[in-house]
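# An overview of the molecular structure
Here is what each chain is made of, one letter per residue.
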Amino acid sequence: MPQLFGFDKVEIRGPKPLPIIGTMLSLYKLLDDPVQVMTELRPHGEVVALIDQSPAMVFVFGAERNREILSQPALFKHDEDLIKAPPGSAMDTMRRYGMVNINGDLHKRERRLMQPAFQKSALDGYATDIIATTRTMLEGWKLGEVSMVDDLCREVTLAMAMKCFYGLDIGEEAHSLGHLAAEWGKTLVAPTTILLPLNIPGLGYWKSLKFGEEVVAYLRSIIQKKRHLEADQRDVMWMIMNARDDQGELFTEDELIVQAAALFFAGHETTAITLAWTLMLLERHPAIHTALMDEIETALGDREPKPDDVMQMDLLDRVIKESMRILPAVPFLFMRVCAEDTSVGGYAMPKNSNIMISPLAAHHDATRYPEPKRFLPDRWLNTTPSPYEYMPFGVGSRACIGMLFAERALRLMLPMILQRFRFSMPAGTRIDRLTRGNILHPRHGLPMRLDPASSPAQPPAPIIGDIQELLEY
Ligand code: HEM
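These figures come from a predicted structure and were not determined experimentally. Note on numbering: residues in each chain are counted from 1, in written sequence order. Per-residue local features are limited, in this predicted model, to residues with pLDDT of at least 70; the limit for side-chain atom pairs, both in listing and counting, is 80 or more; totals at the level of whole chains, interfaces and linings are taken over all residues. To get the side-chain values, all heavy atoms of the structure are used, and hydrogens and water are removed first.

Moving on, we come to the overall build of the chain. Within the chain, the secondary structure is distributed over 17 helices and 12 strands. A principal-axis box enclosing the C-alpha atoms of the chain has dimensions of 65 × 55 × 45 Å. In the chain, which comprises 473 residues, the share counted as buried stands at 55%. A separation threshold of at least 6 residues defines the contact pool for the chain, and within that pool the share at least 24 residues apart is 74%. Segments assigned H or I by DSSP are reported as helices when at least four residues long, segments assigned E as strands when at least two residues long, and all are numbered from the N terminus. The classification of residues rests on relative accessible area computed with a 1.4 Å probe and restricted to protein chains. Under 20% of the type maximum is buried, over 50% is exposed, and intermediate values are partly exposed. By the convention used here, residues are in contact when the closest approach between their heavy atoms is within 4.5 Å.

Encoded structure:
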């Protein structure tokens, strides 16, 4: 069998890295700009090593390799040591119970307990809150000004998340919890925190431990308050607080807190960024924007959408699908780790090798998606990719548990925004990408001018920046 170590067949791009320092540099490059690393490695085959020393770091590409890894979750596990945490700390609790850090029976139990809150039958209960929070937040968006549209989308989804996930109205408490959790998320995934997990005051790792304690204290108090509420609530936390596993057991308090934090990390930023990228893509493509506005006008006129309406708006569906193909909020899945010596695509893969899978690479595969860099919603009229070729929400037993929720929220929020505003990017705007954690952001934000939806369409002004390596128009 060809060996990964020694590069019998697997090639690493560029000069062979220097021992130790080369590995650190490769890791730093990966943390700093994984899209660049992926783009450089892709031409070298389906199984390509970025780091060849144990533990190896390998990218796999193509539907067959994606299937090989993602259909065997017991062999290619989530990394249980992803988070380094002092025992007893909030981060340690995350490490022990966080859904993305666990495997096997514990993962199955947590998923089973969470599932009822994300079933189709639960979704209608959230729709009213999604619509109401979006309406309230959009009232604060300012016409005639250039605003960072990614920040605006973040604020809307924050209000939506606080209400739908925890039952909190957006007020001071929800605002500070949201911002604290967002800061925790940011420090947690900063390259310096990951490369230097040192508990020294001022360093990123120290800050993320501190934010973690504060968020956990907040969530603990919310859960305690909710326990004293008499009436049935319809938020996600309420449902998972009352869910029972096969043995009739409830989540423990620590498990509940971790799920509460995970909901925020996994559900807030991903939804906000998908919304923001979609608004940018529509601004870049006025003809598609006009066609979508016609569909919204025909289906809704001036009224707000209802869940039944949006499920029948076919162009809306194709626009969101295509946006998540071309700029997926999650361009890389969580790293998988080989549980034992094994092989991938015929290459020996030693135990503990780390494997990267990229929805972005899958979505830009020209054999499946001709002209992959072009935003062509109508390609979905005759494209039916396999789950390993289109995976904005992942695949299989580790796929996104909030997928139906997110799909519903996006399809309600986007028409509500477009009914009120038209967006335009100032000429010369720089849009660079930034992948932090596994989320694809605009590095310097998405500045756009907001005008009334009824204002005339303008041709999009030229912009600059490396996002254009992923887009063509
Ligand atoms: C547009 C929005 C969203 C996108 C693009 C997205 C994407 C993803 C992806 C790609 C994964 C799989 C990661 C992997 O296999 O490594 C995932 C997992 C997950 N997502 Fe989402 N997500 C979104 C919204 C949400 C929402 C709204 C929630 C909850 C309210 C949520 C909760 C989760 C959880 C808990 C997991 C871990 C599942 C597990 O490991 O079993 N996500 N998401």
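Water is absent from the atoms considered, so a metal site may look incomplete; donors are defined as N, O and S atoms within 2.8 Å of the metal, or 3.2 Å for Na, K and Ca. You will see that the iron atom of the ligand has only one donor from the protein, Cys400 (SG), lying 2.3 Å away. Relative to the helices and strands, Cys400 resides in the loop between α16 (359-363) and α17 (403-420).

In a regular helix each residue adds 1.5 Å, so 13 residues correspond to 18 Å; helix α15 (residues 314-326) covers 18 Å between its end C-alpha atoms and thus fits that length. In terms of burial, α15 is a largely internal element, 10 of the 13 residues being buried. Buried residues of α15: Leu315, Leu316, Arg318, Val319, Ile320, Glu322, Ser323, Met324, Arg325 and Ile326, and no others. On its buried face, α15 sits against α12 (253-284), α13 (286-300), α14 (307-310), α16 and α17. Between the first and last residue of a helix there are one fewer steps than residues, each counted as 1.5 Å, and that sum is the expected span.

Let us now look at the side chain of Thr187. Considering the arrangement of structural elements, one finds Thr187 in helix α8 (residues 172-189). Excluding residues within four positions of it along the chain, Thr187 makes contact with Thr193, Gly204, Lys207, Ser208 and Phe211.

This part takes up the sheet that holds strand β1 (residues 47-51). Being paired, for any two strands, means DSSP has found at least two bridges between them. The strand order β1-β2-β8-β5-β3 describes an open sheet built from five strands, whose pairing is mixed. The outermost strands of the open sheet, each flanked by one partner alone, are β1 and β3 (76-78). Each strand of the sheet is rotated relative to its neighbour by a mean of 35°, with strand direction disregarded. Note that β1 and strand β2 (residues 57-60) share four bridges and pair antiparallel. Bridged to Val47 within β2 is Val60. Angles here are taken between N-to-C directions and fall from 0 to 180 degrees, while the axes themselves are lines fitted to C-alpha atoms, restricted in helices to the stretch in contact. Running over the sheet, helix α2 (residues 34-41) touches β1 and β2 and is turned about 130° from β1. Contacting β1, β2, β3, β5 (336-338) and β8 (354-357), helix α3 (residues 63-70) runs over the sheet at an angle of about 130° to β8.

In the vicinity of the ligand lie 28 residues, with His107, Arg111, Phe334, Arg336 and Cys400 positioned nearest. N or O atoms closer than or at 3.5 Å make up a polar contact, with two conditions inside protein: a donor-capable atom paired with an acceptor-capable one, and, for residues adjacent in sequence, both atoms drawn from side chains. At a separation of 3.5 Å, a nitrogen atom of the ligand approaches a polar backbone atom of Ala266. Contact between the ligand and Arg398: an oxygen atom at 3.2 Å from a side-chain N or O atom of the residue. Among the elements of the structure, α5 (104-114), α12 and α17 are those that each provide at least two residues to the shell around the ligand. Among the elements that make up the shell around the ligand, the one with the highest residue count is α12 (six residues). Neighbouring residues are identified by heavy atoms, a residue being near a molecule or strand if any of them is within 4 Å of it.

Let us look at the confidence of the model for the chain. As a per-residue quantity, pLDDT reports the predictor's confidence and falls between 0 and 100. The predicted model of the chain has a mean per-residue pLDDT of 90, with 95% of residues at 70 or higher. Within the model, pLDDT remains below 50 along residues 1-15, and this stretch shows 43 contacts once partners closer than five positions in the same chain are excluded.

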